[in-house]
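# Architecture and fold: a report
In case you want the letters, here they are:
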Amino acid sequence: LRLSPEWGDAAVAEVARRVESDLDPQTHALALMKLSKVLGWAGKLQESYRLAAQAVELYPDDSRIQYNAGLTAHMSGRTDEAVVRYRRAVELQPDADEPHSNLGVLLEESGRVDEAIHHYRLAIRYARSTDTATRSSRNLARALMISGYQDYSRGESENALVKLAEAAEIAPQSPEILGRLGIAQLSTGR
């Protein structure tokens, strides 16, 4: 077989333009998101991040696309951007479990524990899998313990007891939570 003389870079570009012009932006963005996921699984984080950002630019109003962009930003160490993407994902789809869970983790890491608690609760409420529910419950118990201990340190013993008791209810085998609950109980004469 021989290529016709008209076949070359210009012809390839024209064919690509015609094929891509038939794609709607959401379909194209979802395809970029899927490719981004594959590259992320392959450990090519920069390429994955770049494609996820392109997908968001192409179609910013899809929760799945925003979540994937948040995940790639998170994995690439761009935590501020990840928070923005996760927030947008839950704004677009309030019952999205994973974005709530991941947003909770980043908020907790940045010291915004009470906001993290809120998102962990939502992740548990909307959990689509037992893995998400279990992971978010563990995270919620830890965040309640941290927030409760912060309340205790400020002299807000009653608030501390409520949070620490809930944490102990979620994670009854945690020595750290039980120890902090015991300290708070002792300080209030219980």
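These numbers come from a predicted model, not from an experiment.

Time to look at the overall build of the protein. Per the secondary structure count, the protein includes 10 helices and 0 strands. In terms of overall dimensions, the protein is more spread out than a globule: its C-alpha atoms have a radius of gyration of 23 Å, far above the 16 Å expected for 190 residues. Every one of the 190 residues in the protein was classed for burial, and the buried ones make up 37%. Considering only contacts within the protein whose residues lie at least 6 apart along the sequence, 49% involve residues at least 24 apart. Summed over its atoms, the accessible surface of the protein is roughly 11,000 Å², and 54% of this surface lies on carbon and sulfur atoms. Of the side chains in the protein, 23 bear a positive and 27 a negative charge, and the two mean positions are spaced by 2 Å.

With their axes 8 Å apart at the nearest point, helix α6 (residues 97-109) and helix α7 (residues 113-125) run at an angle of 160 degrees to one another. As judged from the angle between their axes, α6 and α7 are roughly antiparallel. Judged by the sense of rotation from one axis to the other, the crossing of α6 with α7 is left-handed. For the pair α6 and α7, the contacting residues are Asp97, His100, Ser101, Leu103, Gly104, Val105, Leu107 and Glu108 in the first and Val113, Glu115, Ala116, His119, Tyr120, Leu122 and Ala123 in the second.

Another point: the nonpolar core. Proteins that are soluble and globular tend to have nonpolar side chains buried together. Among the nonpolar cores identified, the biggest contains 27 residues, and Tyr86, Ile117, Leu164 and Ile177 are the most heavily contacted of them. Every element with two or more residues in this core is listed here: α4 (63-75), α5 (79-92), α6, α7, α8 (130-153), α9 (157-170) and α10 (175-187). If we ignore the near neighbours within four places in the chain, the residues touching Ile117 are Leu140, Ala143, Leu144 and Ser147. Residues Ala29, Met33, Leu51 and Ile65 belong to the second largest nonpolar core, which totals 11 residues.

What follows covers the packing of helix α3 (residues 45-58) against α4. Where α3 meets α4, the closest approach of the two axes is 9 Å, and the angle between their N-to-C directions is 150 degrees. Between α3 and α4, the angle is such that the two are roughly antiparallel. Of the two possible hands of crossing, α3 and α4 adopt the one that is left-handed. Contact residues: α3 offers Leu45, Ser48, Tyr49, Ala52, Ala55 and Val56, while α4 offers Ile65, Gln66, Asn68, Ala69, Thr72, Ala73 and Met75. Counted by class, the contact of α3 with α4 contains 9 nonpolar, 4 polar and no charged residues.

Inspection of every chain in the model, using the stated rule, returns 2 aromatic pairs. Geometry around Tyr149 places Arg180 over its ring, the cationic atom sitting 4.3 Å from the centre.

Structurally, Ser36 is set in helix α2 (residues 25-41). Between the C-alpha atom of Ser36 and that of Tyr120, which follows or precedes it by 84 residues, the distance is 26 Å. When neighbours within four sequence positions are excluded, Ser36 is seen to be in contact with Ser48, Leu51, Ala52, Asn68 and Thr72. In terms of polar contacts, Ser36 uses its side chain to reach the side chain of Asn68, at 3.2 Å.

With that settled, the discussion passes to a nonpolar patch on the surface. On the surface, Leu3, Trp7, Val12, Val15 and Val19 cluster together into a nonpolar patch covering about 480 Å² of accessible area. As for its placement among the helices and strands, Leu3 is situated in the segment before α1 (9-21). By relative accessible area, Leu3 is classed as exposed at 67%.

Turning next to the layout of surface pockets. The gaps of empty space that remain are located by a probe, the size of a water molecule, rolled over the atoms. Taken as a whole, the largest pocket spans an internal volume of roughly 200 Å³. Met33, Lys37, Ser63, Arg64, Tyr67, Asn68, Gln93, Ala96, Asp97, Glu98, Pro99 and Arg128 are the residues that line the largest pocket. Those elements giving two or more residues to the lining of the largest pocket turn out to be α2, α4 and α6. It is α4 that provides the largest number of residues to the lining of the largest pocket, a total of 4 residues. Split by residue class, the lining of the largest pocket holds 4 nonpolar, 3 polar and 5 charged.

Conventions and cut-offs
- Residues numbered from 1 in each chain as written.
- Predicted model: local features only at pLDDT ≥ 70, side-chain atom pairs only at ≥ 80, totals over all residues.
- Heavy atoms only, no water.
- Helix = DSSP H or I, 4+ residues; strand = E, 2+ residues; numbered from the N terminus.
- Rg over C-alpha atoms; globule rule 2.2 N^0.38 Å.
- Buried < 20%, exposed > 50% of the residue type's maximum accessible area, 1.4 Å probe, protein only.
- Contact = heavy atoms within 4.5 Å.
- Areas by Shrake-Rupley, 256 points an atom, 1.4 Å probe, with all protein chains shown as cover.
- Lys, Arg positive; Asp, Glu negative; His and termini not counted.
- Charge placed at Lys NZ, Arg CZ, Asp CG, Glu CD.
- Axes fitted to C-alpha atoms, helices over the stretch in contact; angles between N-to-C directions.
- Parallel < 35°, antiparallel > 145°, perpendicular 65-115°, else oblique.
- Left-handed = near helix turned anticlockwise from the far one by under 90°.
- Core = buried A, V, L, I, M, F, W, Y, C linked by side-chain atoms within 4.5 Å.
- Nonpolar A, V, L, I, M, F, W, Y, C, P; charged D, E, K, R; others polar.
- Phe/Tyr/Trp six-rings, centres within 6.5 Å; stacked < 30°, edge-to-face > 60°.
- Lys NZ or Arg CZ within 6 Å of the ring centre and 35° of its normal.
- Polar contact = N/O pair within 3.5 Å; in protein donor to acceptor, adjacent residues only side chain to side chain.
- Patch = residues over 30% accessible without salt bridge, like charges linked within 9 Å, V, L, I, M, F, W, Y side chains within 5 Å.
- Salt bridge = Lys/Arg side-chain N within 4 Å of Asp/Glu carboxyl O.
- 1 Å grid on protein atoms, 1.4 Å probe; cavity = no way out; pocket = protein on both sides within 12 Å on 5 of 7 lines; lining within 4 Å.
- Points joined across faces, edges and corners; volume = space filled by probe spheres on them.

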